[in-house]
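Examining the three-dimensional arrangement
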Amino acid sequence: MRVTVTEDSVLLREGLVRLLTEAGVQVVGQTGDAGDLLQLVEKVRPDVALLDIRLPPTHTDEGVRAACAIRGRRPEVGVLLLSQYVEAGSAVQVMARRARGFGYLLKDRVADVEELTGAIKRVGAGESVIDPMVVSRLLHRRRAGSALEELTPRERDVLALMAEGRSNEAIAEQLVVGGKTVETHVRNIFAKLGLEPSLTDHRRVLAVLSYLRG
């Protein structure tokens, strides 16, 4: 897996590069600027671009805009956004438009090398990854008459794992239940949310996020 790393904090960037390299991930380029990242992606054609949401010069949404530009120019390149805080709005809107090969993790996850490298591999393979904390924030956002309120606690658990990009088999293993039980929960979720089920996981995520982002 070939990855570029974009983070304006030199210390964090070097730490990420070292962690990934030691974990067997090939880091083919690094930068601290969103503008340089676009040139870097064109030059080295990575499998995944790992980047912070907040980058110079304004430290607001440069990373999100860079992610949009990368997906527009090089849709084959996966994008994994990192954020210090739960910023579900703009990142999730980008993902809801094109979920395949897109991920969003909080920086707290960086310390877990296995989780970070797993997310990179899944994004590089065209899957979707969303930090559980981001999913939780979306699921607990209250709206008048929201269909989400009709979901049972277990269905909410399943929906959260679906939105992380998990397959039915992975959900069953995570919740320690049978595969048929998960299938029943998924059918109920789609029915209650008025969404058509799909056999393709990233389309399931797309549908769920399109609903959740409101």
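For the structure given in this document, a descriptive report is provided here.

Each value, and the rule that gives it
Residues numbered from 1 in each chain as written. Predicted model: local features only at pLDDT ≥ 70, side-chain atom pairs only at ≥ 80, totals over all residues. Heavy atoms only, no water. Buried < 20%, exposed > 50% of the residue type's maximum accessible area, 1.4 Å probe, protein only. Helix = DSSP H or I, 4+ residues; strand = E, 2+ residues; numbered from the N terminus. Right-handed = clockwise from strand over helix to strand, strands pointing away. Axes fitted to C-alpha atoms, helices over the stretch in contact; angles between N-to-C directions. Parallel < 35°, antiparallel > 145°, perpendicular 65-115°, else oblique. Left-handed = near helix turned anticlockwise from the far one by under 90°. Contact = heavy atoms within 4.5 Å. Nonpolar A, V, L, I, M, F, W, Y, C, P; charged D, E, K, R; others polar. Pairing = 2+ DSSP bridges.

Describing the pairing of strand 1 (residues 2-6)
Burial within strand 1 is extensive, with four of its five residues counted as buried. Considered for its hand, the β-α-β crossover made up of strand 1, helix 1 (residues 10-22) and strand 2 (residues 26-31) is right-handed.

Thoughts on unusual backbone geometry
Between P56 and the following residue, P57, the backbone shows a cis peptide bond with an omega angle of 10 degrees. In this structure, P57 sits in the loop between strand 3 (48-52) and helix 3 (62-73). In the Ramachandran plot, H59 falls in the positive-phi region, its phi being about 55 degrees despite a non-glycine side chain. Looking at the element boundaries, H59 is found in the loop between strand 3 and helix 3. The exposure class assigned to H59 is partly exposed, which follows from its relative accessible area of 36%. A positive phi angle, near 55 degrees, is found at V176, a position not held by glycine. Looking at where V176 falls in the secondary structure, it is placed in the loop between helix 8 (168-175) and helix 9 (179-193).

As for the packing of helix 8 against helix 9
Viewed as axis vectors pointing N to C, helix 8 and helix 9 meet at an angle of 110 degrees, and their least axial separation amounts to 9 Å. By the angle between their directions, the pair helix 8 and helix 9 is classed as roughly perpendicular. Relative to helix 9, helix 8 is oriented so that their crossing is right-handed. The segment helix 8 lies against helix 9, with N168, I171 and A172 engaging G179, V182, E183 and V186. Along the lines of polarity and charge, the residues of the contact of helix 8 with helix 9 split into four nonpolar, two polar and one charged.

Describing the sheet that holds strand 5 (residues 102-106)
An order of 2-1-3-4-5-6 is seen for the six strands of this open sheet, with the pairing classed as parallel. Because the sheet does not close on itself, it has two edges, and the strands there are strand 2 and strand 6 (128-130). The average undirected angle you get between the axes of adjacent strands in this sheet is 20 degrees. Sheet topology note: the strand 5/strand 6 ladder contains three bridges and is parallel. In the strand pairing of strand 6, F102 is matched with S128. Contacting strand 1, strand 2, strand 3 and strand 4 (78-83), helix 1 runs over the sheet at an angle of about 175 degrees to strand 2. Contacts from helix 5 (residues 113-124) reach strand 1, strand 3, strand 4, strand 5 and strand 6, with the element oriented near 145 degrees to strand 4.

Distances and angles like these do not, on their own, reveal function.
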